[in-house]
Amino acid sequence: MTVVAWLEQVVAMGTDRESIESARRLFPATEKLSYFNTAAVSLGSTILRDAYTNFVAEWTENGLNTTRAEQAGENARRSFAKIIGARAENIALIPSVSAAAGLIASQFGIAERGENVVIGEREYSSNHFPWRMLERKGYDIRQTPFRNGGLEPDDIAQRTDGGTILIAYSAVQSASGHRSDILGIADIAKQAGAMTFVDGSQMAGALPVAPYLDSIDVFATSDHKFLLNAVRGVGYCYIRKSLQRRLVPTNAGWKAGAVPLESFFGPEMRLSQTASRFDNSLNWLAAIGDEAALSLFDRFGIDTVFNRNAELVNLLRDRLAEIGQQPISLPPVNQSTIVAIPLDDTDPTTLLKHLKARDVVCRARDGNLRLAVHFYNNADDIDRLVGALKSC
Ligand SMILES: Cc1ncc(COP(=O)(O)O)c(C=O)c1O
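None of the values given here were measured: they were computed from a predicted structure. (Residues numbered from 1 in each chain as written. Predicted model: local features only at pLDDT ≥ 70, side-chain atom pairs only at ≥ 80, totals over all residues. Heavy atoms only, no water.)

J.: Before we go on, may I ask you to explain the overall build of the protein chain in this structure?
T.: Across its full length, the protein chain holds 13 helices and 12 strands. The globule rule puts the C-alpha radius of gyration for 392 residues at 21 Å, and the 21 Å found for the protein chain is close to it. Considered along the principal axes of its C-alpha atoms, the protein chain spans approximately 65 × 60 × 40 Å. Each of the 392 residues in the protein chain was classed as buried or not, and the buried ones make up 55%. Considering only intrachain contacts with a sequence separation of at least 6, the fraction spanning at least 24 residues in the protein chain is 73%. (Helix = DSSP H or I, 4+ residues; strand = E, 2+ residues; numbered from the N terminus. Rg over C-alpha atoms; globule rule 2.2 N^0.38 Å. Buried < 20%, exposed > 50% of the residue type's maximum accessible area, 1.4 Å probe, protein only. Contact = heavy atoms within 4.5 Å.)

J.: Could you clarify how one ought to interpret the nonpolar core in this entry?
T.: Nonpolar side chains tend to gather and get buried jointly when the protein is soluble and globular. Grouped together as the largest cluster of nonpolar side chains are 70 residues, with contacts concentrated most on Phe80, Ile84, Ile167, Phe219 and Tyr236. Looking at which element gives the most residues to this core, the answer is helix H10 (residues 284-300), with 9 residues. When residues of this core are assigned to domains, at least three map to each of domain 1 (3-44 + 301-390) and domain 2 (56-297). The residues contacting Phe219, other than those within four sequence positions of it, are Phe80, Ile84, Val198, Gly200, Ala204, Val209, Tyr236, Cys237 and Tyr238. Ala111, Tyr139, Ile165 and Ala275 belong to the second largest nonpolar core, which has 29 residues in total. (Core = buried A, V, L, I, M, F, W, Y, C linked by side-chain atoms within 4.5 Å. Domains from an automatic or database assignment.)

J.: Sorry, what's going on with a nonpolar patch on the surface here?
T.: Taken together, the side chains of Val56, Trp59, Leu64 and Leu285 make up a nonpolar region of the molecular surface, amounting to roughly 310 Å² of accessible area. Turning to its location among the elements, Leu64 is positioned in the loop between helix H3 (46-62) and helix H4 (66-84). Residue class for Leu64 comes out partly exposed when judged on its relative accessible area of 34%. (Patch = residues over 30% accessible without salt bridge, like charges linked within 9 Å, V, L, I, M, F, W, Y side chains within 5 Å. Areas by Shrake-Rupley, 256 points an atom, 1.4 Å probe, with all protein chains shown as cover. Salt bridge = Lys/Arg side-chain N within 4 Å of Asp/Glu carboxyl O.)

J.: What exactly am I supposed to notice about the site of the ligand here?
T.: Around the ligand, the structure places 14 residues, and the nearest of them are Val97, Ser126, Asp199, Lys225 and Arg232. Interatomic distance of 2.8 Å between a side-chain N/O atom of Ser126 and an oxygen atom of the ligand. Arg232 places a polar side-chain atom, nitrogen or oxygen, 2.8 Å from an oxygen atom of the ligand. In the complex, the protein chains occlude 92% of the 390 Å² of accessible area that the ligand would expose alone. Within the shell around the ligand, the residues separate by chemical class into 2 nonpolar, 9 polar and 3 charged. (Near = heavy atom within 4 Å. Polar contact = N/O pair within 3.5 Å; in protein donor to acceptor, adjacent residues only side chain to side chain. Nonpolar A, V, L, I, M, F, W, Y, C, P; charged D, E, K, R; others polar.)

J.: Mind showing me how you'd approach the domain arrangement of the protein chain here?
T.: Size of an interface: often given as the accessible area lost when the parts come together. What the domain assignment lists for the protein chain is domain 1 (3-44 + 301-390) and domain 2 (56-297). Centre-to-centre separation of domain 1 and domain 2, based on C-alpha positions: 26 Å. Listed by partner, the interface residues are 34 residues for domain 1 and 27 residues for domain 2. Both sides together, the interface formed by domain 1 and domain 2 hides about 2,400 Å², and carbon and sulfur atoms give 59% of it. The three residues of domain 1 that bury the most area against domain 2 are Ile302, Phe306 and Asn334, which together make up 22% of that side's buried surface. (Buried area = accessible area lost by both parts, 1.4 Å probe.)

J.: Looking at this structure, I do not really get H3. What am I missing?
T.: Structural remark: α-helix, 3.6 residues per turn; residues separated by three or four positions point the same way. When the terminal C-alpha atoms of H3 are compared, their 24 Å separation across 17 residues agrees well with the 24 Å that a helix rising 1.5 Å per residue should span. Taken as a whole, H3 has its buried residues at Thr46, Leu48, Ala51, Tyr52 and Phe55. Tucked into the core, H3 has its buried residues touching H4 and H10. Two residues or fewer after H3 comes Gly63, characterised by a positive phi angle close to 95°. (Expected span 1.5 Å × (residues − 1).)

J.: What's the story with the pattern of salt bridges in this structure? I'm lost.
T.: Close approach of charged atoms allows side chains with opposite charge to pair. Scanning the model with the defined rule gives 21 salt bridges in all. For the salt bridge of Asp298 with Lys82, the shortest nitrogen-to-oxygen distance reads 2.9 Å. A residue pair is termed long-range when its members are at least 10 positions apart, and Asp298 in helix H10 and Lys82 in helix H4 qualify at 216 residues. A residue is classified by how much of its surface remains accessible, and Asp298, at 46% relative accessible area, is partly exposed. For Glu322, the salt bridge is made with Arg319, and the minimal N-O distance between the two is 3.0 Å. Here Glu322 and its partner Arg319 are both found in helix H11 (residues 302-322), 3 residues apart, which amounts to about one turn of the helix. Given the relative accessible area of 60%, Glu322 is considered exposed. A network of salt bridges, in which partner residues are shared, links Glu70, Glu74, Arg77, Lys255 and Asp279.

As structure tokens, this is what we get:
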């Protein structure tokens with residue numbers, strides 16, 4: 001689905017205002033802060049706080065309930081799958097994006113002549129360093145320059161050929177909000193017979209992934225941004241079913257077993273038949289947190305969250321235009337829930353201090369003022385931001 005089609009759907013469906021505005025009340029910091037920093041870490045919800053508090057209290061009183069924590073991991077896996085439109089059996093629980101990239105990078109042996117990997121020049125390091133390691137095995141790592149803060153299919157196509165084994169990129173770029181043309185890149189990869197690795201950290205929970213999933217081989221994300229568990233500890237890795245059999249679960253331990261709690265000792269190795277054979281051992285506390293955090297998507301409706309985000313980002317762009325602030329110019333298909341304004345000569349420290357003094361929270365990234373909206377924002381937040389920017 002293009003952004004234009006998505007926006008048309010938003011207008012057609014409207015937004016369930018009452019329930020989505022009640023969502024804001026679950027994030028107490030919204031009472032005092034206008035928070036535009038979800039692209040770094042999300043706000044905490046009372047749902048998350050209660051889940052942690054209750055689990056720690058129970059642990060303190062009665063000992064740690066590992067079965068309960070493992071179950072929380074399974075519930076979180078299911079919720080995540082639903083958010084991106086996947087089946088839970090195709091999701092592995094991983095600690096981080098870099099761990100998922102490392103798992104994929106570890107699959108490749110010594111390069112044959114001409115074999116190469118195509119990546120983005122200014123990708124977030126978790127989706128850059130793991131591929132650079134493949135230089136040691138003789139792969140030519142082809143770095144694609146960014147245009148408008150992101151990767152354009154034409155530039156990727158120029159660097160891709162029959163020797164390309166993998167194309168790795170972010171669904172949405174962290175510093176600029178540039179949203180990649182997933183379908184366009186998938187076509188290039190298909191022609192070359194290359195695998196695609198998509199860093200979904202700035203897309204999962206913010207925007208619909210389901211319409212693109214068939215065009216992605218591997219989609220990895222951590223939980224601390226739009227998936228609402230800022231202390232992090234669990235990540236998710238979708239692996240296309242047909243690819244799973246070809247991959248070796250190089251990190252397999254007990255958690256990758258067919259029945260993890262019965263897989264502590266050898267001599268047998270009975271691995272799971274699903275993507276959970278790529279699981280890493282869980283951070284149990286984080287699993288409890290993710291179970292609670294991700295339940296919010298179901299509670300308010302996954303599409304309602306996405307629709308609200310579309311509405312908010314449009315409002316943000318309109319209001320910035322009214323005061324003459326010019327974000328990086330991106331066609332609608334490349335827009336996301338992150339809006340980046342080039343800082344040029346503005347000193348980021350002074351600007352962020354000015355905004356913070358007015359209870360507006362955001363970050364500067366890679367030469368841009370980065371503003372991210374999520375469904376707990378509202379028009380008052382945007383008013384406050386605009387007022388603060390005007391008074392600079
Ligand atoms: C685009 C992007 N990828 C990945 C990450 C995180 O990577 P990891 O899970 O390896 O810490 C971030 C931010 O934390 C990010 O912005």
